[in-house]
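# Geometric and topological summary
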Amino acid sequence: MLSAYNQNGQLINFIGLTKPEINMRKQGQKYFCPICEETLILKAGRKNIPHFSHLPNSDCPFQHDGEGEYHEQGKLDLFQWLRNQGVQAELEKYLPLIKQRPDILFSIGNKTIAIEYQCAKLSMDDYLKRNEGYIQTGITPIWILGSNRMKRKKTGMLYSGTQERAFIHRFSSTFPLTLYFYCPNTKILSVYQHIQVVGRNRLLGQWVHRPLSRTSFKSMFQEHAPNNQFLQQWKKEKHLFRTKPPTLYQSREEKTWRNWLYIKHTHNSLLPGIIYLPVSGQYRMKSVPWIWQSRLCLDFLHSLPPFKATSLSVLFEKMDNHFITDASFPLITAPPDPLKEYLQLLEYLGFVTFVSNTEFMRINPINFPENVEEGLREDDLIIKKLEKYPFSSGVVSHDS
Ligand SMILES: [Zn+2]
């Protein structure tokens, strides 16, 4: 932690002071944890930011809060960045009511905002508890991840576990799904928007990397114009899905699914091109897009009599067990509806049509390719058509 109490009960820090200045001030001083009141050790080396640590045998709940130099420097950068914009930000302020200590706390207008800069892994339980505390007390949490957690491979692709997905923000129904990253070494704030989950641990989205010094706090809430470039990568993934032999290691879900396809007398290489399409609400699904979309198409849509109005609620009920609870995504307001998004795509592609806000019908048969080549051609055709589709923020409201 960057701040501590001195003997006089004042909250102090040594930010921005030189080594000799610190040495002078620390003469005969003792430091105490603002939370557990145990004695703290001041660590001010040549290279690191002056910070405080608990003694090794401490049982303070905040003793491991310091996630090392990277984290402390990032927190400090963000704090000073806000201060430079005239924001009365407070560092590591302890909130006794919820026993939490956000990295940075401040008010803007009538909003109180807590910034958590997270570089290490955090248990899902702790993560949800912290957000709950903030929301209970009317504080809006914003989580910025350390760029050390930003595993990129290709342009627009981000490797992510389920952990990172829980940090996706959406401040309103028109705001795109967004992740924030900051790197204290390069001083770059990265905003990852228009996120689409393409596979078990891969996301596609649009990056904007900017030096922190040339970014304003307000600009964190800007929507960057969406483009459909992710579709090119999506197409590659779709091709791989169709042509790649199954890997040796398969999850139980994948095995069950492959058995189910076998019983249905089909195979992943021969599935209709409308299976494995991008919907922004995919992050809410337990299974990868090809699994729930094939179940929906083969078990349900395919057997619907054509031109017969069907209630959306029948479909929702059928697919209910495919959802992760929304409580796992505390930063998302107005979650997009993956099922409705999917049907809207199918409407756009000419397979179904909405007859009202609550009912739809199938108007065309689903085509099952006879061989892999035909399947690949269909994939290409569908992706080509989708290039004009307004994916934008994932709310393609039908009633507009
Ligand atoms: Zn403590």
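For the structure itself, look to the data block above.
All figures in this text were calculated on a predicted structure; none of them were measured in a lab.

### Let's talk about the overall build of the chain
When its secondary structure is counted, the chain shows 10 helices and 17 strands. With respect to the principal axes defined by its C-alpha atoms, the chain has extents near 85 × 45 × 35 Å. Looking at the chain residue by residue over its 400 residues, the buried ones come to 50%. The contacts in the chain between residues at least 6 apart in sequence include a share of 65% that link residues at least 24 apart. Accessible area of the chain: about 19,400 Å², with a carbon and sulfur share of 53%. Each charge sign in the chain was given a centre, from 49 positive and 37 negative side chains, and these centres are 5 Å apart.

### Observations concerning the pairing of strand β7 (residues 104–108)
Note: strand β6 (residues 90–91) against β7, 2 bridges, orientation antiparallel. In the strand pairing of β7, L91 is matched with I104. In this structure, β7 lies alongside strand β8 (residues 111–118), joined through 5 bridges in antiparallel fashion. When the bridges of β8 are listed, S107 appears paired with T112.

### A word on the sheet that holds strand β15 (residues 310–311)
The strand order across the open sheet built from 3 strands is β15-β17-β16, with neighbouring strands paired in antiparallel fashion. Each edge of the open sheet carries a strand with a single partner, namely β15 and β16 (352–354). Sheet strands in contact with helix α9 (residues 338–348) are β16 and β17 (359–362), and its direction is about 115° off that of β16.

### Side note on the sheet that holds strand β10 (residues 151–152)
Strands belonging to one sheet form pairs held by backbone hydrogen bonds; the direction of such a pair is parallel or antiparallel. On the basis of which strands lie adjacent, the open sheet formed by 9 strands has the order β6-β7-β8-β9-β12-β13-β14-β11-β10 and mixed pairing. The two strands at the open ends of the sheet, each matched to only one other strand, are β6 and β10. Here β8 runs beside strand β9 (residues 139–146); their pairing, made up of 7 bridges, is parallel. Bridging across to β9, I115 finds its partner in I142. Lying on the sheet, helix α2 (residues 69–84) is in contact with β6, β7, β8, β9 and β12 (178–183); it crosses β8 at an angle near 150°. The sheet strands contacting helix α3 (residues 124–136) are β8 and β9, and the helix crosses β9 at an angle near 145°.

Parameters at a glance
- Along each chain, residues carry numbers from 1 onward, in the same order as the chain's sequence is written.
- Selection of residues for local features in this predicted model requires a pLDDT of at least 70, selection of side-chain atom pairs for listing and counting requires 80 or more, and totals for whole chains, interfaces and linings are taken over all residues.
- Hydrogens are left out, water is left out, and the side-chain values use all remaining heavy atoms of the structure.
- Secondary structure elements follow DSSP: runs of H or I no shorter than four residues count as helices, runs of E no shorter than two count as strands, and numbering proceeds from the N terminus.
- Categorising residues by exposure relies on relative accessible area from a 1.4 Å probe, with only protein chains included: less than 20% of the type maximum marks a residue as buried, more than 50% marks it as exposed, and the intermediate range marks it as partly exposed.
- Contacts were defined at the residue level, with two residues in contact if any of their heavy atoms lie within 4.5 Å.
- Using the Shrake-Rupley algorithm and a 1.4 Å probe, accessible areas are obtained, with residue cover drawn only from the displayed protein chains.
- We score Asp and Glu as negative and Lys and Arg as positive, and we do not count His or the chain ends.
- Charge placement uses NZ in Lys and CZ in Arg. For Asp and Glu, CG and CD serve respectively.
- Strand pairing is assigned whenever DSSP identifies at least 2 bridges connecting the two strands.
- Note on geometry: axes are lines fitted to C-alpha atoms, helical ones only across the stretch in contact, with angles between N-to-C directions running from 0 to 180 degrees.

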